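Remarks on the overall topology
Now for the letters of each chain:
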Amino acid sequence: MPTLLKKKSTEQQDTSLAHVLRVAELAAEKKAEDIKAYDVRELTLVADAFVMCSTSSEPQHKAVMNCIKEGMKKVGLAPLQIEGAQQDGWLVIDYGAVIVHIFRKDARLFYDLDGMWADGKEINLDLD
């Protein structure tokens with residue numbers, strides 16, 4: 001009988017974690033707030049992890065997105081897709097195993113993805 005889901009190797013998991021930490025550091029460089037990451041491997045097939053952060057203005061929203069895109073490009077990772085616009089209050093950058101959500105504060109409260117994915121284990125980002 002064919003197997004539909006293949007378990008990820010430890011190396012793939014380590015790579016995903018490294019990408020999560022890199023994205024979080026890049027967001028922090030541009031002063032994004034409330035940066036959190038969730039391990040969602042047990043909850044969805046869409047990704048291994050979600051990274052979420054908040055911004056307080058449209059220029060900061062754009063700066064965080066650009067910093068993440070450029071910083072990940074330097075480690076050889078280009079986004080598969082980017083959805084949303086700065087004026088919409090929510091941008092999604094899809095890196096395959098890691099999906100990044102950049103919210104304006106009010107949009108983050110409204111959509112409550114943190115609550116939706118709260119069953120996922122929060123990843124310690126150690127951004128201090």
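I will try to describe carefully the structure that is included in this document. (Residues numbered from 1 in each chain as written. Predicted model: local features only at pLDDT ≥ 70, side-chain atom pairs only at ≥ 80, totals over all residues. Heavy atoms only, no water.)

**Brief notes about the overall build of the protein chain**
Along its length, the protein chain carries 4 helices and 6 strands. Buried residues in the protein chain amount to 41% of all 128 residues. Sequence-distant contacts, at least 24 apart, represent 62% of the contacts inside the protein chain between residues at least 6 apart. (Helix = DSSP H or I, 4+ residues; strand = E, 2+ residues; numbered from the N terminus. Buried < 20%, exposed > 50% of the residue type's maximum accessible area, 1.4 Å probe, protein only. Contact = heavy atoms within 4.5 Å.)

**Description of the pattern of salt bridges**
Evaluation of the coordinates by the stated rule reveals 5 salt bridges. When the shortest N-O distance is used, the salt bridge between Arg108 and Asp34 registers 3.7 Å. Of this pair, Arg108 sits in helix H3 (residues 105–111) while Asp34 sits in strand S1 (residues 33–39); the two residues are 74 residues apart in sequence, bridging distant segments of the chain. Of the residues examined, Asp34 reaches a relative accessible area of 43% and is grouped as partly exposed. A salt bridge links Asp39 to Arg41; the shortest N-O distance between them is 2.4 Å. Residue class for Asp39 comes out buried when judged on its relative accessible area of 16%. (Salt bridge = Lys/Arg side-chain N within 4 Å of Asp/Glu carboxyl O.)

**Looking at helix H2 (residues 58–74)**
Between its terminal C-alpha atoms H2 stretches 25 Å, which fits the 24 Å expected from 17 residues at 1.5 Å a residue. Regarding H2, the residues found buried are Gln60, His61, Val64, Met65, Cys67, Ile68, Gly71 and Met72. When H2 is viewed along its axis, its buried side chains cluster within an angular range of 160° and face the same direction. Opposite the buried face of H2, at more than 90 degrees from it, the exposed residues are Pro59, Lys73 and Lys74. Put simply, Ser57 is the residue that caps the front of H2, since its side-chain oxygen is 3.2 Å from the backbone nitrogen of Gln60. (Expected span 1.5 Å × (residues − 1). Arc of directions from axis to C-beta. Polar contact = N/O pair within 3.5 Å; in protein donor to acceptor, adjacent residues only side chain to side chain.)

**Here's the deal with the environment of Val20**
Of note, Val20 is situated in helix H1 (residues 10–29). Here the alpha-carbon distance between Val20 and Tyr38, two residues 18 residues apart in the chain, equals 9.3 Å. Beyond its immediate sequence surroundings of up to four residues, Val20 is in contact with Ala37, Ala49, Val51, Val98, Ile123 and Leu125.

**Some remarks on the packing of aromatic side chains**
Following the criterion strictly, the structure yields 4 aromatic pairs and no others. Ring geometry for Phe110 versus Tyr111: centroids 4.9 Å apart, planes at 90°, classification edge-to-face. Taken together, the ring pairs connect Trp90, Phe103, Phe110 and Tyr111 into an aromatic cluster. (Phe/Tyr/Trp six-rings, centres within 6.5 Å; stacked < 30°, edge-to-face > 60°.)

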